[in-house]
Amino acid sequence: EDLIRRFAEASNETAGEHFTPRDAIKLMVDVLLDPDSDMLTQPGAVRTIYDPTAGTGGMLSVAEERIRELNPRATVTLSGQELNDESYAICKSDMIGQGQAVDAIKLGDTLRNDLHAGQTFDYCLSNPPYGVDWKAAERDVRKEHAGQRGRFNAGLPRISDGQTLFLQHLVSKMRPAKAGVENSGGRAAIVLNGSPLFTGGAGSGESEIRRWLVESDLLEAIIALPTNMFYNTGIATYIWLLDNNKAPQRRGKIQLIDGTSYWTKLRKNLGSKNRELSDADRTAIAKLYADFEVNEHSKILEAADFG
């Protein structure tokens, strides 16, 4: 963990490609696991976690640690895919050091070739690259989009930004819900910049993808994070929470959480990062999510409000 952090600080220009700050990951994991916290403490709990942009493996490691805090005897399996061979090697090394099986960590471009095709997972986590084009994967993505049962049927974003392709990919990786079975189905958390929220007018690929998420009742919450949270950018970022089997009180609704004022100043800047989420900040934001109430930091909207 310390080596990875030093490596990230030494290469601030590209640290974001390899390394998501642990405070951001911990918040993602807290809200992702919140509805299942009772179930995770049961004997014989078995959980699968997946990251299609695994980087150095931080999201997978933090999610596993959190589940083991709740239940040391839980069975947790980690799967992921990473494009950058250096990050991939660090990810596998880190997992070997933690005694994890590494066979399910794959090297390759997730958009071009899903190396976990046909598999679904309990929890999915991702921090895809912001504003990076998908030209290298264009032929394969368009071919899959044209098919009847592809990952990208909802729509294609502009070629200059592939974030909403990863959003659709995550939906395809969430374990299907079983009718009438509580706590079945899959959940996902993905951190994105503002582009997937605001880019593209009505009828555009981005707008159609948003419409599909809202009409399918897959989007549970969006959390606005403080700025200056990441190593190589100070821009606004957002956690999108997805669930294909929402709790009854959340069905047909989307919670918007303003977490931008919950931050603690770092003593020393790390590249663009000069703020962090302290334990208290994280707890406060997670409570806003869990309470599911309307207040100055939390709004609850009907799906139709987005029309």
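Higher on the page you've got the structure.
Residues numbered from 1 in each chain as written. Predicted model: local features only at pLDDT ≥ 70, side-chain atom pairs only at ≥ 80, totals over all residues. Heavy atoms only, no water.

The next thing to look at is the overall build of the chain. Within the chain, the secondary structure is distributed over 11 helices and 11 strands. Relative to its length of 307 residues, the chain is compact, with a C-alpha radius of gyration of 18 Å against a globular reference of 19 Å. Counting only C-alpha atoms and orienting by the principal axes, one finds that the chain spans roughly 45 × 45 × 40 Å. Restricting the contact set of the chain to residue pairs at least 6 apart, pairs at least 24 apart contribute 74%. Here the chain holds 36 positive side-chain charges and 43 negative ones, and the gap between their average locations is 2 Å. (Helix = DSSP H or I, 4+ residues; strand = E, 2+ residues; numbered from the N terminus. Rg over C-alpha atoms; globule rule 2.2 N^0.38 Å. Contact = heavy atoms within 4.5 Å. Lys, Arg positive; Asp, Glu negative; His and termini not counted. Charge placed at Lys NZ, Arg CZ, Asp CG, Glu CD.)

Attention now moves to the packing of helix α8 (residues 163-173) against helix α10 (residues 205-215). Here α8 crosses α10 at 30°, and the two axes come no closer than 10 Å. It follows from the interaxial angle that α8 and α10 lie roughly parallel. In this structure, α8 crosses over α10, and the sense of that crossing is left-handed. Every residue of α10 that contacts α8 at Thr 164, Leu 167, Gln 168 and Val 171 is listed here: Ile 209, Trp 212 and Leu 213. (Axes fitted to C-alpha atoms, helices over the stretch in contact; angles between N-to-C directions. Parallel < 35°, antiparallel > 145°, perpendicular 65-115°, else oblique. Left-handed = near helix turned anticlockwise from the far one by under 90°.)

Attention shifts here to unusual backbone geometry. The backbone of Asp 217 sits at a positive phi, close to 55°, despite the residue not being glycine. If you trace the backbone, Asp 217 turns up in the loop between α10 and β6 (219-224). Although it is not a glycine, Asn 228 sits at a positive phi angle of roughly 60°. Residue position: Asn 228 is located in the loop between β6 and β7 (237-243).

Next up on the list: the side chain of Ser 61. With respect to the helices and strands, Ser 61 occurs in helix α5 (residues 58-70). Residue class for Ser 61 comes out buried when judged on its relative accessible area of 4%. Here Gln 98 takes part through its side chain, which lies 3.3 Å from a polar atom of the side chain of Ser 61. Once residues within four sequence positions are removed from consideration, Ser 61 is found in contact with Asp 94 and Gln 98. (Buried < 20%, exposed > 50% of the residue type's maximum accessible area, 1.4 Å probe, protein only. Polar contact = N/O pair within 3.5 Å; in protein donor to acceptor, adjacent residues only side chain to side chain.)

Turning our attention to the packing of aromatic side chains. Inspection of the entire model under this criterion finds three aromatic pairs. An angle of 5° between the planes, with centres 4.7 Å apart, marks the rings of Tyr 50 and Phe 121 as stacked. Here Tyr 50, found in strand β1 (residues 46-51), pairs with Phe 121, found in the loop between β3 (105-107) and β4 (123-126); they are 71 residues apart in sequence, far enough to count as distant. Looking at Lys 173, its charged tip hangs above the ring of Tyr 50, at a distance of 5.8 Å from the centre. (Phe/Tyr/Trp six-rings, centres within 6.5 Å; stacked < 30°, edge-to-face > 60°. Lys NZ or Arg CZ within 6 Å of the ring centre and 35° of its normal.)

With seven of its seven residues buried, strand β5 (residues 187-193) lies for the most part within the structure. What you see with β5 is no split at all: Arg 187, Ala 189, Val 191 and Asn 193 on one side and Ala 188, Ile 190 and Leu 192 on the other are buried throughout. One ladder, built from four bridges, connects β4 with β5; its direction is parallel. Across the sheet, residue Tyr 123 finds its bridge partner in β5, namely Arg 187. Here seven bridges tie β5 to β7, and the two strands are oriented antiparallel to one another. Residue pairing across strands places Ala 188 opposite Leu 242, the latter belonging to β7. (Pairing = 2+ DSSP bridges.)

All chains considered together, the criterion is met by 20 salt bridges. Among the ionic pairs, Arg 142 bridges to Glu 138, the shortest N-O distance being 2.8 Å. One end of the pair, Arg 142, and the other, Glu 138, are both in helix α7 (residues 138-146), four residues apart, so they sit about a helical turn from each other. Judged by its relative accessible area of 40%, Arg 142 is partly exposed. Overall, the relative accessible area of 27% leaves Glu 138 in the partly exposed class. The salt bridge partner of Glu 144 is Arg 151, with a shortest N-O separation of 2.8 Å. Exposure remark for Arg 151: the relative accessible area of 10% places this residue in the buried category. Sharing partners across several salt bridges, the network here consists of Asp 30, Arg 66, Glu 69, Asp 279 and Arg 282. (Salt bridge = Lys/Arg side-chain N within 4 Å of Asp/Glu carboxyl O.)

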